[in-house]
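Close look at the chain arrangement
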Amino acid sequence: MPAQGGISKPVPTDPEARMTAAALPIRTVARWRVVDIVVAAVLGVACGVVFWAWGIAWTPLSTPLAFSPGLFGILNGLWLFAGVLGGLVIRKPGAAIFVELLAAIVEMAIGSQWGFTTVISGIVQGLGAEIVFAIVLYRLGSWWIAVLAGVGTGIAEGVLDSFLSSSVVALDAAAKSVYIGTTILSGAICGLLAWFAVRALARTGALSRFPAGRSR
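Within an unreviewed UniProt entry, the label attached to the protein chain reads ABC transporter permease, and the organism entered is Pseudolysinimonas kribbensis.

A word on the packing of helix α3 (residues 81-90) against helix α8 (residues 173-204)
Contact geometry for α3 and α8: axes closest at 9 Å, N-to-C directions at 40 degrees. As far as their axial angle goes, α8 and α3 are oblique. The chirality of how α3 crosses α8 is right-handed. Of α8, the residues touching α3 (which contributes Phe81, Val84, Leu85, Leu88 and Val89) are Cys190, Gly191, Leu193, Ala194, Trp195, Ala197 and Val198. Each residue belonging to the contact of α3 with α8 can be placed in one class, and the counts come to eleven nonpolar, one polar and no charged.

Observations concerning the environment of Gly70
Turning to its location among the elements, Gly70 is positioned in the loop between α2 (34-62) and α3. For the pair Gly70 and Tyr179, spaced 109 residues apart in sequence, the C-alpha to C-alpha distance is 4.1 Å. In this view, Gly70 contacts Leu171, Ala175, Val178, Tyr179 and Thr182; residues no more than four positions away in its chain are not counted.

Some remarks on the confidence of the model for the protein chain
Overall, the predicted model of the protein chain reaches an average pLDDT of 87, with 86% of residues at or above 70. Element-level pLDDT for the protein chain is lowest in helix α1 (residues 26-30), with a mean of 58, against a maximum mean of 97 in helix α4 (residues 95-111). Between residues 1-26, whose pLDDT stays under 50, and residues either more than four places distant or in other chains, the model counts 20 contacts.

What about α4?
For α4, which comprises 17 residues, the first-to-last C-alpha distance of 24 Å matches the rise-based estimate of 24 Å (1.5 Å per residue) to within 8%. Buried within α4 are the following residues: Ala95, Ala96, Val99, Glu100, Ala103, Ala104, Val106 and Glu107. Projection of α4 onto a plane perpendicular to its axis shows the buried side chains occupying an angular sector of 160 degrees, all on one side. Lining the buried residues of α4 we find α2, α3 and α5 (117-135).

Examining the UniProt feature "transmembrane region" (unreviewed entry) in the protein chain
Summarizing the sequence annotation, UniProt attributes the feature "transmembrane region" (unreviewed entry) to residues 34-54, 66-90, 97-116, 122-140, 147-171 and 177-198 in the numbering used throughout. Annotated as residues 122-140, this span is 74% helix and 0% strand, and its ends, taken at the C-alpha atoms, are 21 Å apart.

Some points on the packing of aromatic side chains
If you walk through the whole model with that rule in mind, you get six aromatic pairs. Taking the centre distance of 5.8 Å and the plane angle of 85 degrees together, the rings of Trp58 and Trp114 count as edge-to-face. Of the two residues, Trp58 sits in helix α2 while Trp114 sits in the loop between α4 and α5, which places them 56 residues apart along the sequence. What makes Trp58 buried here is its relative accessible area of 15%. Lying over the aromatic face of Phe210, Arg33 brings its terminal NZ or CZ to 5.2 Å of the ring centre.

A few points about the side chain of Glu130
Here Glu130 lies in helix α5. Although buried, Glu130 forms no salt bridge, and the nearest oppositely charged side chain, Lys92, lies 12 Å from it. Once you skip the residues sitting within four places of it in the chain, Glu130 turns out to touch Lys92, Pro93, Gly94, Ala95, Ala96, Ile97 and Tyr138.

Digging into unusual backbone geometry
Its identity is not glycine, yet Leu137 carries a phi of approximately 60 degrees, on the positive side. Of note, Leu137 is situated in the loop between α5 and α6 (143-164). When its relative accessible area of 41% is taken as the criterion, Leu137 is described as partly exposed. In this model, Tyr138 sits at a positive phi of 60 degrees, which is unusual for a non-glycine residue. Mapped onto the secondary structure, Tyr138 falls in the loop between α5 and α6. Judged by relative accessible area, Tyr138 falls into the buried class, the value being 14%.

A look at α5
With 19 residues, α5 should cover 27 Å at 1.5 Å per step; its first-to-last C-alpha distance of 28 Å lies within 8% of that length. Of all the residues in α5, the buried ones are Thr118, Val119, Ser121, Gly122, Gln125, Gly126, Gly128, Ala129, Glu130, Val132 and Phe133. Here the buried face of α5 lies against α3, α4 and α6. At the C-terminal side of α5, Leu137 shows a positive phi close to 60 degrees.

Definitions and cut-offs
Residues numbered from 1 in each chain as written. Predicted model: local features only at pLDDT ≥ 70, side-chain atom pairs only at ≥ 80, totals over all residues. Heavy atoms only, no water. Axes fitted to C-alpha atoms, helices over the stretch in contact; angles between N-to-C directions. Helix = DSSP H or I, 4+ residues; strand = E, 2+ residues; numbered from the N terminus. Parallel < 35°, antiparallel > 145°, perpendicular 65-115°, else oblique. Left-handed = near helix turned anticlockwise from the far one by under 90°. Contact = heavy atoms within 4.5 Å. Nonpolar A, V, L, I, M, F, W, Y, C, P; charged D, E, K, R; others polar. pLDDT = per-residue confidence, 0-100. Expected span 1.5 Å × (residues − 1). Buried < 20%, exposed > 50% of the residue type's maximum accessible area, 1.4 Å probe, protein only. Arc of directions from axis to C-beta. UniProt positions renumbered as here; feature names shortened; annotations may be inferred. Phe/Tyr/Trp six-rings, centres within 6.5 Å; stacked < 30°, edge-to-face > 60°. Lys NZ or Arg CZ within 6 Å of the ring centre and 35° of its normal. Lys, Arg positive; Asp, Glu negative; His and termini not counted. Salt bridge = Lys/Arg side-chain N within 4 Å of Asp/Glu carboxyl O.

Below you can see the structure in the form of structure tokens.
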């Protein structure tokens, strides 16, 4: 129907033009584009290299924390970063798992001291963030969602290590609680850092084809 004054207002038909709306159809949210896949892959590979370097630094960094068994969980946050970052940028179902898993595979391929368990951790870490993103229907514009996603991946990794990692399995119940708690804290911190990283990327224009770049 024409608007007042006889001028009709065109209704945008391109899904890209409507992606900043408060509520998006689930089918639109779930549809991956080629650019989503490419950017997610780039993020995963880049984070995988960082993970590998962090694995080398882990032993000398964790040694001073030995005075309190379980405190070394505070160093886990960087490994929890990729899934939150990928989810905040791509904002599609599966993005957190995809980026975190790819990063873990790259880390293992380069030469992780933890071998194939790195891949298992990648799946679990990504799933921890993915659950939080799914609960909010991938509307990820707020910093507290990034923090909660970091908490989610921290909980997932802390519990997994309690059964999978020999250095954590050997701890008593109190030390395991410290480990899980510090892992969750480090996840929350890195979730917030991921949110700031996305905002910094958005300011450069690198995310102009993503909702994260248009809603900054």
